[in-house]
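# A closer look at the structure
Each chain, written out:
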Amino acid sequence: MAVHSLAVLSLLCALTFLVVEPHQAFGSSHGSFGPIGNTVIAPPAGLCAAAVVVHGYKCQEFEVRTDDGYILSMQRIPQGRAGGSAKNKQPVLLQHGVLVDGMTWLLTSPDESLALMLADSGFDVWIANTRGTRFSRQHVTYAPTNPEYWNWTWDELVTNDLPAVIGFVSSQTGQKIHYVGHSLGTLTALASFSEGKQVENVKSAVLLSPIAYLSHMTTALGVAASKAFVGEITTMFGLAEFNPKEKPVADFLKALCAEPGVDCYDLLTAITGKNCCLNASTVEPFLKNEPQSTATKNLVHLAQTVRDGILTKYDYGNVNYNEEHYGKSKPPAYNLSNIPHNLPLFLSYGGQDALSDVRDVQTLLDSLKFHDLDKLNVQYIKDYAHADFIMGVTAKDVVYNQVIEFFRRQYH
Ligand SMILES: *[C@@H]1O[C@H](CO)[C@@H](O)[C@H](O)[C@H]1NC(C)=O
Ligand SMILES: *[C@@H]1O[C@H](CO)[C@@H](O)[C@H](O)[C@H]1NC(C)=O
Ligand SMILES: *[C@@H]1O[C@H](CO)[C@@H](O)[C@H](O)[C@H]1NC(C)=O
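Residues numbered from 1 in each chain as written. Chains lettered and ligands numbered in written order. Predicted model: local features only at pLDDT ≥ 70, side-chain atom pairs only at ≥ 80, totals over all residues. Heavy atoms only, no water.

A few words on the overall build of the chain. For the chain, the helix and strand inventory stands at 15 helices and 11 strands. Per-residue burial over the chain gives 59% buried out of 412 residues. Sequence separation of at least 24 residues holds for 77% of the intrachain contacts in the chain that already meet a minimum separation of 6. When the accessible surface of the chain is split by element, carbon and sulfur atoms take 51% of a total near 15,600 Å². (Helix = DSSP H or I, 4+ residues; strand = E, 2+ residues; numbered from the N terminus. Buried < 20%, exposed > 50% of the residue type's maximum accessible area, 1.4 Å probe, protein only. Contact = heavy atoms within 4.5 Å. Areas by Shrake-Rupley, 256 points an atom, 1.4 Å probe, with all protein chains shown as cover.)

Now the structure itself:
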């Protein structure tokens with residue numbers, strides 16, 4: 001039976017929060033961020049002040065507007081701790097996954113964080129924050145309290161967020177970018193490249209814990225979530241914010257945890273797989289900063305991806321609506337075999353990853369079987385699960401140094 005693994009990822013964040021800090025409000029000592037996002041609490045000066053400048057790096061905040069009116073915050077770390085010129089550096093864009101934000105790249109020490117390692121290695125580092133997360137909650141027309149604000153899925157991240165952030169970085173730097181995605185940040189890039197979009201602005205792409213096909217996962221909590229997600233949750237929440245920190249969603253998650261056979265105690269392991277290499281010093285800031293909101297509709301779309309075993313645009317679940325939006329009774333597919341075969345790719349996946357399951361990664365690799373051999377780098381890490389790729393204490397040695405080497409090989 002198909003299990004809705006990304007729905008489950010959301011539960012990971014949410015339930016971990018409920019279990020670990022049941023009575024504490026997130027960041028309650030901070031002021032609210034931005035004129036619209038009044039329900040979301042964030043450090044007033046943004047991610048730069050919260051997590052970059054404190055380590056002795058320069059950091060700049062930017063706002064980028066998408067074609068559909070969302071205002072996204074981006075951070076730039078133009079140079080390493082040693083300083084030096086910011087000119088002629090290779091730009092790298094970091095795109096986080098679902099239900100987290102750009103902070104996920106900055107949870108470890110400077111010597112262990114991919115973002116800060118890249119800056120110290122001479123790259124010009126840019127961090128994106130997806131619509132709906134705490135630093136990216138403004139829109140030209142809608143407040144996050146409007147249902148219209150949450151009327152999107154990862155299709156819109158492909159058609160709007162990604163072009164906005166990639167276009168912004170390449171226009172600011174006058175260069176093609178190197179892309180790094182984790183989890184959902186890999187799916188949006190793969191989907192975009194498969195349509196031939198953004199490819200002209202991307203020099204290479206690193207995909208950590210790649211998510212594309214999502215049919216394999218086997219945890220009790222996953223099964224419970226899978227039953228709930230495509231069905232109930234839409235009628236329960238409608239077109240709305242999926243905020244694991246607020247009551248309706250939290251109650252839904254608690255109910256799921258009460259189902260027979262569902263053990264919400266060791267959630268991190270139950271949901272992401274057995275991460276080999278997490279340290280308490282990282283898990284604690286993770287829980288302080290995450291989870292972040294996403295659109296319920298986005299999670300429904302992800303659950304459809306699991307159910308159907310193929311990658312398509314959002315299914316309106318109704319022939320007439322699909323006809324209206326796509327001119328067809330079924331939503332169009334993303335065909336990953338159409339990713340340009342000469343685009344340099346670096347995929348890194350883990351043997352213990354319950355979300356990016358080895359069998360699903362194999363399906364992804366099958367769709368890339370015509371890729372130019374010298375442009376496809378695949379790394380398999382037997383002990384790694386989903387969170388090890390962003391927070392693992394060994395990620396520096398096992399993954400990030402290889403990523404930096406890969407980028408250096410793309411110079412010519
Ligand atoms: C949501 O967006 C779709 C287009 O993707 C549109 O047809 C629909 O009317 C929108 N719904 C609301 C409530 O804004
Ligand atoms: C692991 O966490 C402890 C404190 O929680 C810290 O002292 C130590 O430096 C951390 N180790 C690594 C490799 O980050
Ligand atoms: C995807 O594209 C490849 C190559 O362009 C083609 O051979 C294949 O039939 C397509 N798959 C589907 C399901 O359309």
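Now that the structure has been shown, the text picks up again.
Here the UniProt-annotated "active site" (unreviewed entry) positions come out as Ser183, Asp353 and His386. Maximum C-alpha separation among the annotated residues is 10.9 Å over a sequence range of 204 residues, consistent with a single clustered spot. Within the element layout of this structure, Ser183 appears in the loop between strand E6 (177-182) and helix H5 (184-194). Its relative accessible area of 1% is what places Ser183 among the buried residues. Inspection of the secondary structure puts His386 in the loop between strand E11 (376-381) and helix H14 (388-391). (UniProt positions renumbered as here; feature names shortened; annotations may be inferred.)

Scanning the model with the defined rule gives 2 disulfides in all. At a sulfur-sulfur separation of 1.9 Å, the disulfide partner of Cys48 is Cys59. Of note, the bridge from Cys48 to Cys59 carries an S-S torsion of about -75 degrees and is left-handed in sense. Of this pair, Cys48 sits in helix H2 (residues 46-52) while Cys59 sits in the loop between H2 and strand E1 (60-65), placing them 11 residues apart in sequence. Exposure class is identical for Cys48 and Cys59. Each is buried. The disulfide partner of Cys276 is Cys277, and the gap between their sulfur atoms is 2.3 Å. The S-S bond linking Cys276 to Cys277 shows a torsion near -100 degrees; that makes this disulfide left-handed. Judged by relative accessible area, which is 35%, Cys276 ranks as partly exposed. (Disulfide = S-S within 2.5 Å.)

The next thing to look at is the pairing of E1. Taken together, the 6 bridges between E1 and strand E2 (residues 70-77) define a ladder with antiparallel strand orientation. Considered in E2, the bridge of Arg65 is made with Ile71. Connecting E1 to the antiparallel partner E2 that follows it, the hairpin turn spans 4 residues, and Gly69 within it adopts a positive phi of roughly 90 degrees. (Pairing = 2+ DSSP bridges.)

The next point concerns the site of ligand 2. Taken together, Glu112, Asn279, Ser281 and Val393 form the complete shell of residues around ligand 2. At 2.6 Å from an oxygen atom of ligand 2 is found a side-chain nitrogen or oxygen belonging to Asn279. In this structure, an oxygen atom belonging to ligand 2 sits 3.3 Å away from a side-chain N or O atom of Ser281. When the residues that make up the shell around ligand 2 are grouped by side-chain class, the tally is 1 nonpolar, 2 polar and 1 charged. (Near = heavy atom within 4 Å. Polar contact = N/O pair within 3.5 Å; in protein donor to acceptor, adjacent residues only side chain to side chain. Nonpolar A, V, L, I, M, F, W, Y, C, P; charged D, E, K, R; others polar.)

The way to describe two aromatic rings as a pair is by their centre distance and the angle between their planes. The tally for this structure, following the rule as stated, stands at 14 aromatic pairs. Note on Trp126 and Phe168: the rings are 6.0 Å apart at their centroids and 80 degrees apart in plane angle, and the pair reads as edge-to-face. Remark: Phe168 occurs in helix H4 (residues 154-173) and Trp126 occurs in strand E4 (residues 124-128); sequence separation between them is 42 residues. There is no split in this pair, since Trp126 and Phe168 are both buried. Centroid distance Phe406 to Phe407: 5.8 Å. Interplanar angle 45 degrees. Geometry classified as tilted. Like Phe406, the residue Phe407 is buried in the burial classification. Each residue in the set Tyr70, Tyr149, Trp150 and Trp152 is aromatic and connected to the rest through ring pairs, giving one cluster. Above the plane of the ring of Trp152 lies Arg131, whose end atom (NZ or CZ) is 5.5 Å from the centre. (Phe/Tyr/Trp six-rings, centres within 6.5 Å; stacked < 30°, edge-to-face > 60°. Lys NZ or Arg CZ within 6 Å of the ring centre and 35° of its normal.)

Within the element layout of this structure, Ser121 appears in the loop between helix H3 (114-120) and E4. Under the relative-accessibility criterion, Ser121 is labelled partly exposed at 23%. Considered as a pair, Ser121 and Asn401 are 280 residues apart in the sequence and their alpha carbons are 9.8 Å apart. When sequence neighbours within four positions are dropped, the list of residues in contact with Ser121 reads Ile404 and Arg408.

Here we take up the packing of H4 against H5. Running from N to C, H4 and H5 point in directions that differ by 70 degrees, and their axes come no closer than 9 Å. Classed by the angle they form, the pair H4 and H5 counts as roughly perpendicular. Of the residues in H5, those touching H4 at Trp154, Leu157, Val158 and Leu162 are Leu184, Leu187, Thr188, Ala189, Ala191 and Ser192. In terms of residue class, the contact of H4 with H5 is made up of 8 nonpolar, 2 polar and no charged. (Axes fitted to C-alpha atoms, helices over the stretch in contact; angles between N-to-C directions. Parallel < 35°, antiparallel > 145°, perpendicular 65-115°, else oblique.)

Here we take up the confidence of the model for the chain. When pLDDT is averaged across the chain, the result is 83; 80% of the residues are at 70 or more. Note on residues 1-44: pLDDT under 50 across the span, and 126 contacts to partners over four residues away in sequence or across chains. (pLDDT = per-residue confidence, 0-100.)

Moving on, we get to helix H12 (residues 319-326). The N-cap residue of H12 is Asn318: its side-chain oxygen and the backbone nitrogen of Asn320 are 2.8 Å apart. Count one or two residues on from H12 and you reach Gly327, which has phi positive near 70 degrees.

Okay, the environment of Ser113 next. As for its placement among the helices and strands, Ser113 is situated in the loop between strand E3 (91-95) and H3. Judged by relative accessible area, Ser113 falls into the buried class, the value being 1%. Considering only alpha carbons, one finds Ser113 and Gly392, 279 residues apart in sequence, at a separation of 9.5 Å. Beyond its immediate chain neighbours, meaning those up to four positions away, Ser113 contacts Trp105, Leu106, Thr108 and Tyr400. Side-chain polar atoms of Ser113 contact the backbone oxygen of Trp105, separated by 2.9 Å. Of the polar contacts made by the side chain of Ser113, one reaches the backbone nitrogen of Leu116; its length is 3.1 Å.

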